[in-house]
Amino acid sequence: MLEKLNTSRIESAADLYDWDELVQEDRVHRLIYTDPAIFQAEMTNIFGAVWVYLGHESQIPKNDDYITVRLGLRPIILLRDSQGKIRALFNRCTHRGTTLCRKDKGSARIFTCPYHGWSYLNSGKLRAVPWPDGYACDFKDSKFNVAQVPRVDSYRGFIFATLNPEAPALLDYLGAITKPIDEWLDRQPKGKIAVCEANRLKYKGNWKLAYDNSGDGYHVVFSHRSLLEMENRQADVANKGMSYYKGSPDTAPMYMAYMGHGHHFKDKRPNIQKRAGGLWAVEGPAPGTEHYAEELRRRFGARAEAILDLASSEPVNINVFPNFSLLGNHIQVFEPVSVDETNVTWYGTAVVDEDGTLGGAVDEVNALRMRTQEQFPNFGEVDDLANFEEIQRGLACQEDEWVYMHRGLDIPGRVKTDENGIITAPATDEAFMREYIKEWKRLMKATPRLAIQREP
Amino acid sequence: MQPIHDPSTSSYYVNEQLYQELVASFTDWQRDDMAVDNLSERDQFRILVEKEARLLDQLRFDEWLAMYSPECIYWVPGTPEAGDPRREIAISFDDRRRMEDRIYRLRTGYAWSQAPKSRTVRMISNVETFSTGQSSVRMVRSNFLISEFRVDGTRFLSGWCGHRFVRTAHRWEIQVRQVNLIDCDQNLRNPSIVL
């Protein structure tokens, strides 16, 4: 509920460019990746006006727990207050603008500004200022409470926030992409996961290069050739990891789908044998693979195969615009830093087995699952990020203006739209890119009225 | 002693016992009362750590791998306290097979993050040796500064290493190397060299 709204004064990005000229059906202009003014506008029109992922509830499990994150460039304290309510406070003292919290995570009922000692409850309410008799004002005025993001909501543990009072409800915003999210969660016992640290990477390139890539099936055998060769070097049958992209990936049963609001989904599960142990059979080697597989099979017999699947990488890319992906067992978060710098954080997830569904195997599963999750960031993602950096360098050629995303366009029967508006295409198509960038264009043309909120 | 299973082609030794011993042996080991003050012994380990740095700078990976025990661990924690690798993602946690995978990948010619390759020089200093209560095991702490040039500039990676050396019939081998970057919990640009 919006307790109090202040419409912020922002200039409109709508007049910045002729957006229809920059984003055409088959190509986009290099400026969308290189222009600082567009980046600045995105911080309002995208990383302000749409639901942006901030964190997972397992990172703030108890009342008073917090993590520090960002909403676009805004520093945020994401916390569970002393009453248990999840809030996203601007990490900014109302007095002079100083950040209130400088740690990555912790637990606090009160945040005290290190600069002049103003202190706030974790609800955002001003608690006390030093030597108040030096002020004539009434500190009960809500304008002195910490600003916070007015709309914070979770979907099954994933916390999103937006500054846009007119944005749809989170559930409506997610729409059809909730189905793959549900399926991703529901393969875990009780549908639960816990975040367990991360592989943290960054690259010198625009954030959209990562979002373009998140559904891209065309790059796999080229950008990840070293990984595919590596993980199959000792295999009897070269079927490990994403080997199904070799040969003719467009005739494989996998597909990509555009699911509205900029979200897209690459579903590679149809390539995998539908049996317990089907995923484990194509998982590349990891530290502990043989030990844990034999140990679990000895203890659990035929049931072990399904348990081993939990340590295997789920072959999906579930991409929620603009900054959140579920892929393998990771939660991947894109965080723009500047027009040509982006953080990409791959949060690991662990299985949580509170009621013993796994018969005591949860520790073994997680010991193995930590190692399988380290593989792609170490041996795959680094090569993509190098390629993103090289795109950013290439785009310095000002006179060569266009970047293409027309794979699959205008081929009759190739791209299909179902009765719910979900668009599907072969795995290497760029249809998802064309569709999400249309949504990006719509958002950039808009003039959202963002708002903050303070405790009354 | 040769292991029963070839650690280059299978991974049996990464098990609960290894993780337990690893976490225990990398906890509370830098103690003044355990520091070795015998200069020739300290020198012996300093020379090994310096040699390793040179082999990595020169991309002589086979000789680098040969400094390690058959069953070994290369561990780059993602948090300053290192954590428990059974329950936390590390930046890297390689057994021998994955160390060999790492080298194999770099040699394919298709590892774009290392094409062109980084040029590095490593400074190693402040090398301290600690005894462990086991005569065949030493722990060594050293500080490092890696200057890495690649494509558009030179950058610096710094931190400290914990080496766990074990004595065999002929030599001291590296059984575990823990590489602690000072910025391990921050977003890192192109972490694709062997640290």
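Refer to the structure presented above.
Described below are features of the structure shown in this document.

Cut-offs used in this document
Residues numbered from 1 in each chain as written. Chains lettered and ligands numbered in written order. Predicted model: local features only at pLDDT ≥ 70, side-chain atom pairs only at ≥ 80, totals over all residues. Heavy atoms only, no water. Helix = DSSP H or I, 4+ residues; strand = E, 2+ residues; numbered from the N terminus. Buried < 20%, exposed > 50% of the residue type's maximum accessible area, 1.4 Å probe, protein only. Polar contact = N/O pair within 3.5 Å; in protein donor to acceptor, adjacent residues only side chain to side chain. Pairing = 2+ DSSP bridges. Axes fitted to C-alpha atoms, helices over the stretch in contact; angles between N-to-C directions. 1 Å grid on protein atoms, 1.4 Å probe; cavity = no way out; pocket = protein on both sides within 12 Å on 5 of 7 lines; lining within 4 Å. Points joined across faces, edges and corners; volume = space filled by probe spheres on them. Nonpolar A, V, L, I, M, F, W, Y, C, P; charged D, E, K, R; others polar.

Further remarks concern unusual backbone geometry. Each neighbour pair has its own omega, and for F321 of chain A with P322 of chain A the value is 5°, a cis peptide bond. Residue placement: P322 of chain A occurs in the loop between β16 (316–320) and β17 (324–327). P116 of chain B follows A115 of chain B through a cis peptide bond whose omega is 5°. Residue placement: P116 of chain B occurs in the loop between α4 (96–107) and β3 (119–131).

This paragraph deals with helix α6 (residues 207–214) of chain A. Within α6 of chain A, 8 of the 8 residues are buried, which leaves it mostly tucked inside the rest of the structure. Measuring from the side-chain oxygen of the N-cap residue of α6 of chain A to the backbone nitrogen of K208 of chain A gives 3.0 Å; that N-cap residue is N206 of chain A.

Moving on to the environment of D32 of chain B. Residues and elements named next belong to chain B. Position of D32 among the secondary structure elements: in the loop between α1 (16–25) and α2 (39–57). Given a relative accessible area of 75%, D32 falls into the exposed group. The spacing of D32 and F130 is 98 residues in sequence and 8.4 Å in space, taken between C-alpha atoms.

Further remarks concern the sheet that holds strand β11 (residues 151–155) of chain A. Residues and elements named next belong to chain A. With antiparallel pairing, 3 strands are arranged side by side in an open sheet as β3-β12-β11. The open sheet has two free edges, formed respectively by β3 (52–56) and β11, since each of these has just one partner strand. Sheet twist, expressed as the average angle between the axes of neighbouring strands with direction ignored, equals 30°.

Moving on to the pairing of β11 of chain A. All names here are of chain A. Strand direction decides the pairing type here: β11 and strand β12 (residues 158–162), joined by 5 bridges, are antiparallel. Note that in β12 the partner of Y155 across the bridge is F158. In textbook terms, the turn of a hairpin is the stretch between consecutive antiparallel strands, and for β11 and β12 this stretch comprises 2 residues, one of which, R156, has a positive phi near 45°.

Bringing the layout of surface pockets into the picture now. If you add up the space inside the largest pocket, you get close to 1200 Å³. Forming the walls of the largest pocket are 43 residues, and the residues nearest its centre are T68, D104, R200 and Y347 of chain A together with D185 of chain B. Elements with a contribution of two residues or more to the lining of the largest pocket: β3, β4 (65–71), β5 (74–80), β13 (193–203), β18 (330–338) and β19 (341–351) of chain A. Each residue belonging to the lining of the largest pocket can be placed in one class, and the counts come to 16 nonpolar, 13 polar and 14 charged. The computed volume of the second largest pocket comes to approximately 780 Å³. Together, 25 residues line the second largest pocket, and Y13, L18, S69, E71 and Q175 of chain B are the ones closest to its centre. By residue class, the composition of the lining of the second largest pocket is 12 nonpolar, 8 polar and 5 charged.

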